[in-house]
Amino acid sequence: MVAKILDGKHIAKDYRQGLQDQVQTLKAKGYTPKLSVILVGNDGASQSYVNSKKKAAEKIGMISEIIHLAEDTSEEDVLKELDRLNNDDSVSGILVQVPLPKQVSEQKILEAINPEKDVDGFHPSNIGKLYIDEQTFVPCTPLGIMEILKHADIDLEGKNAVVIGRSHIVGQPVSKLLLQANATVTILHSRTKDMHSHLKNADVIVSAVGKPGLVTKDDVKEGAVIVDVGNTPDENGKLKGDVEFEEVKEIAGAITPVPGGVGPLTITMVLNNTLLAEKMRRGIE
Ligand code: GUN
């Protein structure tokens, strides 16, 4: 079996077209969604992520700004900036790019974002709502993964879904979404014994670790659906997923490439959540 390639760029393009239409409708009512991004410091990967988010927002007719603060900005000054955005009626969605420099507590910052503008879904009250199945902002990479799975021709109900990695941004929330879709979910992590036996049993594997070469053809069941969230630059700066793509695609039923798999969907879901935030606070269905 040769796997269907789940082309994230293509899926994202179609989805963004739908969002663009909705932005036009909102604009006609006098509301323009605006995404404000706070970036602290000069991490190269973070700078490139936030630039992509801004560009994508503008491309579908939203307003977007990057508030770029110096590496040595104090926690108090980041909080002040957040407070201003929380209270600015023109701002629909706020995103603070992580990681943050060490003098700034990530927990404190994420708790200070107005939950109604928290388009990343990182605020504790939004995380709590997700876990009791209330409608809320859901983190963007997990949402993007679920959108990709819709294109994999797999009914998740009753299937064995194995998630590798237990981060707050990807592993744990995507496990919750898979559970909501009635999959049987197993989370593997650095202390798991015998990862291979769990993987071999999986109908769906979501790998979100950041370790190239982690998942090989020997780990994968014939026909399994593979979503690779890894994006680790190699010595030439080329992005590598966690999965040995070339060999696994010969066995899998469907697989995401890196790059061009999950990444474009993550950004798409930032836009999705920004639109949702604007609609919710204006009371528009
Ligand atoms: N850093 C890595 N991924 C993300 C993300 O989805 N949102 C934010 N804010 N920072 C990140």
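It should be noted that the structure appears before, not after, this text.
In this text, all values refer to a predicted model and were calculated from it rather than measured experimentally.

Colleague: Quick one: what's the story with the overall build of the chain, residue by residue and with numbers?
Modeller: Within the chain one finds 10 helices and 11 strands. Taken over C-alpha atoms, the radius of gyration comes to 19 Å for the chain, in line with the 19 Å a tight globule of 285 residues would show. Projected onto its principal axes, the C-alpha coordinates of the chain cover approximately 55 × 40 × 40 Å. A burial count over the chain gives 48% of its 285 residues as buried. For the chain, the proportion of contacts with a sequence separation of at least 24, taken over those separated by at least 6, is 71%. Approximately 13500 Å² of the chain is accessible, and the part contributed by carbon and sulfur atoms is 49%. The positive charge centre, built from 33 side chains, and the negative charge centre, built from 41, are 2 Å apart in the chain.

Colleague: If you had to explain the site of the ligand to someone new, which residues and values would you point to?
Modeller: Lys53, Leu95, Val96, Gln97, Val98, Asp120 and Phe122 make up every residue found near the ligand. Val96 is positioned such that a nitrogen or oxygen atom in its backbone is 2.9 Å from a nitrogen atom of the ligand. Between the ligand and Val98, the relevant distance is 2.8 Å, taken from a nitrogen atom to a main-chain nitrogen or oxygen of the residue. When the ligand sits alone it has 280 Å² of accessible area, and the protein chains cover 83% of it.

Colleague: Outline the sheet that holds strand β2 (residues 34-40), listing residues and values.
Modeller: In a beta sheet, neighbouring strands pair by backbone hydrogen bonds and run either parallel or antiparallel. With parallel pairing, the 3 strands of this open sheet are ordered in space as β3-β2-β4. With one partner strand each, in any of the chains shown, β3 (63-69) and β4 (93-96) form the two edges of the open sheet. With strand direction ignored, the average angle separating the axes of adjacent strands in the sheet is 15°. Strand direction decides the pairing type here: β2 and β3, joined by 7 bridges, are parallel. Bridge pairing links Leu39 to His68 in β3. Against the sheet, helix α2 (residues 44-59) engages β2, β3 and β4, with an angle of about 160° to β3.

Colleague: An account of the nonpolar core is requested, with residue identities and associated values reported.
Modeller: Counting residues in each nonpolar core, the largest one holds 49 residues, and the members touching the most others are Ile145, Leu149, Leu178, Val206 and Val229. Apart from the residues within four sequence positions on either side, Ile145 is in contact with Val170, Val174, Val206, Val227, Val229 and Val262.

Colleague: So what about helix α1 (residues 8-28)? Which residues, and what values?
Modeller: For α1, spanning 21 residues, the distance from its first C-alpha to its last is 30 Å, which sits close to the expected 30 Å at 1.5 Å a residue. Among the residues of α1, Gly8, Ile11, Ala12, Leu19, Val23 and Leu26 are the ones counted as buried. Axial view of α1: buried residues confined to an arc of 105°, hence all on one face. Exposed and facing more than 90 degrees away from the buried side of α1 are Lys13 and Ala28. Check the buried side of α1 and you find it contacts α6 (140-150) and α10 (262-282). Of the residues that open α1, the one with a side-chain oxygen 3.1 Å from the backbone nitrogen of Lys9 is Asp7. One or two positions beyond α1, positive phi appears at Gly30, with a value near 95°.

Colleague: Tell me about the packing of α6 against helix α7 (residues 171-180), and name the residues and values.
Modeller: Across the interface, α6 lies against α7 with an axial gap of 9 Å and an inter-helix angle of 40°. What the angle tells us is that α6 and α7 run oblique. Seen from above, α6 lies across α7 with right-handed handedness. When α6 is examined against α7, the residues Pro142, Leu143, Ile145, Met146 and Leu149 are found in contact with a partner set consisting of Pro173, Val174, Leu177 and Leu178. Per-class residue counts for the contact of α6 with α7 are 9 nonpolar, no polar and no charged.

Colleague: Tell me about the pattern of salt bridges, residues and numbers included.
Modeller: One pass over the full model with this rule turns up 15 salt bridges. A salt bridge links Arg282 to Asp89; its shortest N-O distance comes to 3.6 Å. With Arg282 in helix α10 and Asp89 in the loop between α3 (75-86) and β4, this pair connects stretches of sequence that are 193 residues apart. For Lys221, the salt bridge goes to Asp203, with nearest N and O atoms at 2.8 Å. Taken together, the residues span a long stretch of sequence, with Lys221 in the loop between β7 (204-207) and β8 (225-228) and Asp203 in the loop between α8 (195-200) and β7 at a distance of 18 residues. Overall, Lys221 belongs to the partly exposed group, its relative accessible area being 29%. Look at Asp203 and you get buried, because its relative accessible area is 17%. Overlapping salt bridges bring together Asp89, Glu278, Arg281 and Arg282 as one network.

Colleague: Account for the packing of α2 against α10, with residues named and values stated.
Modeller: How two helices sit against one another is set out by the angle between their axes and by the gap between those axes. At a minimum axis distance of 10 Å, the contact between α2 and α10 shows a crossing angle of 55°. In this view, α2 runs oblique relative to α10, as classed from their interaxial angle. Remark: the crossing between α2 and α10 carries right-handed chirality. Along its contact with α2, which presents Ser52, Lys53, Ala56 and Ala57, the element α10 presents Ile267, Val270 and Leu271. Partitioned by chemical class, the residues of the contact of α2 with α10 number 5 nonpolar, 1 polar and 1 charged.

About the criteria used
- Residues numbered from 1 in each chain as written.
- Predicted model: local features only at pLDDT ≥ 70, side-chain atom pairs only at ≥ 80, totals over all residues.
- Heavy atoms only, no water.
- Helix = DSSP H or I, 4+ residues; strand = E, 2+ residues; numbered from the N terminus.
- Rg over C-alpha atoms; globule rule 2.2 N^0.38 Å.
- Buried < 20%, exposed > 50% of the residue type's maximum accessible area, 1.4 Å probe, protein only.
- Contact = heavy atoms within 4.5 Å.
- Areas by Shrake-Rupley, 256 points an atom, 1.4 Å probe, with all protein chains shown as cover.
- Lys, Arg positive; Asp, Glu negative; His and termini not counted.
- Charge placed at Lys NZ, Arg CZ, Asp CG, Glu CD.
- Near = heavy atom within 4 Å.
- Polar contact = N/O pair within 3.5 Å; in protein donor to acceptor, adjacent residues only side chain to side chain.
- Pairing = 2+ DSSP bridges.
- Axes fitted to C-alpha atoms, helices over the stretch in contact; angles between N-to-C directions.
- Core = buried A, V, L, I, M, F, W, Y, C linked by side-chain atoms within 4.5 Å.
- Expected span 1.5 Å × (residues − 1).
- Arc of directions from axis to C-beta.
- Parallel < 35°, antiparallel > 145°, perpendicular 65-115°, else oblique.
- Left-handed = near helix turned anticlockwise from the far one by under 90°.
- Nonpolar A, V, L, I, M, F, W, Y, C, P; charged D, E, K, R; others polar.
- Salt bridge = Lys/Arg side-chain N within 4 Å of Asp/Glu carboxyl O.

That's the geometry; what it means functionally is another story.
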